Amino acid sequence: QVQLVESGGGLVQPGGSLRLSCAASGRTFSSYRMGWFRQAPGKEREFVSAISWSGGRTYYADSVKGRFTISGDNAKNTVYLQMNSLKPEDTAVYYCAADSHISPFYAREGVYDYWGQGTQVTVSS
């Protein structure tokens, strides 16, 4: 059974940093694309970032470009999202997702086959 487990969320002050982790299990994800999405209260879930295990190509939403960095550790089957210069508008539940088909539509949540349970990130003073 495929499982994605996020961790690393929490409360941080504006300007601070957090690193989210997504541990994948159940199969080898070396040929998958892994993504991060987030959902703020009262808003739709939105794309944040994605990485292709093969080749390591990365993608970012404009709202996080230059502040967030996605990376992966194949040996650990884990994807990370380093978040710096956090803003109150980054407050959301962050979800990890896996796409087994490597769709070109990496920002669409519908192309992702597996999802984690989410981890809360709150940016507040």
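Before any of the text, the structure's been laid out above.
Presented here is a report on the structure given in the accompanying data block.

The rules behind these values
- Residues numbered from 1 in each chain as written.
- Predicted model: local features only at pLDDT ≥ 70, side-chain atom pairs only at ≥ 80, totals over all residues.
- Heavy atoms only, no water.
- Helix = DSSP H or I, 4+ residues; strand = E, 2+ residues; numbered from the N terminus.
- Contact = heavy atoms within 4.5 Å.
- Disulfide = S-S within 2.5 Å.
- Buried < 20%, exposed > 50% of the residue type's maximum accessible area, 1.4 Å probe, protein only.
- Pairing = 2+ DSSP bridges.
- Axes fitted to C-alpha atoms, helices over the stretch in contact; angles between N-to-C directions.

### Description of the environment of Trp115
Point 1. Here Trp115 shows up in strand β10 (residues 114–115).
Point 2. Between the C-alpha atom of Trp115 and that of His101, which follows or precedes it by 14 residues, the distance is 15 Å.
Point 3. Among residues more than four places away in sequence, those in contact with Trp115 are Leu4, Phe37, Arg45, Tyr95, Cys96, Ala97 and Glu109.

### Side note on the state of the cysteines
Point 1. All chains considered together, the criterion is met by 1 disulfide.
Point 2. The residue that forms a disulfide with Cys22 is Cys96, at a sulfur-sulfur distance of 2.0 Å. Linking Cys22 and Cys96, the disulfide has an S-S dihedral of approximately -75° and is accordingly described as left-handed. Taken together, the residues Cys22 in strand β3 (residues 18–25) and Cys96 in strand β9 (residues 92–99) connect sequence positions 74 residues apart.
Point 3. Judged by relative accessible area, which is 0%, Cys22 ranks as buried.
Point 4. Its relative accessible area of 0% is what places Cys96 among the buried residues.

### A word on the sheet that holds strand β8 (residues 78–83)
Point 1. What the 4 strands build is an open sheet, ordered β1-β3-β8-β7; its pairing is antiparallel. The two strands at the open ends of the sheet, each matched to only one other strand, are β1 (3–7) and β7 (68–73). Ignoring strand direction, the axes of neighbouring strands in this sheet form an average angle of 15°.
Point 2. In this sheet, β3 lies alongside β1 in antiparallel orientation, the contact comprising 5 bridges. Note that in β3 the partner of Leu4 across the bridge is Ala24.

Shape is all these values report; function is a separate question.
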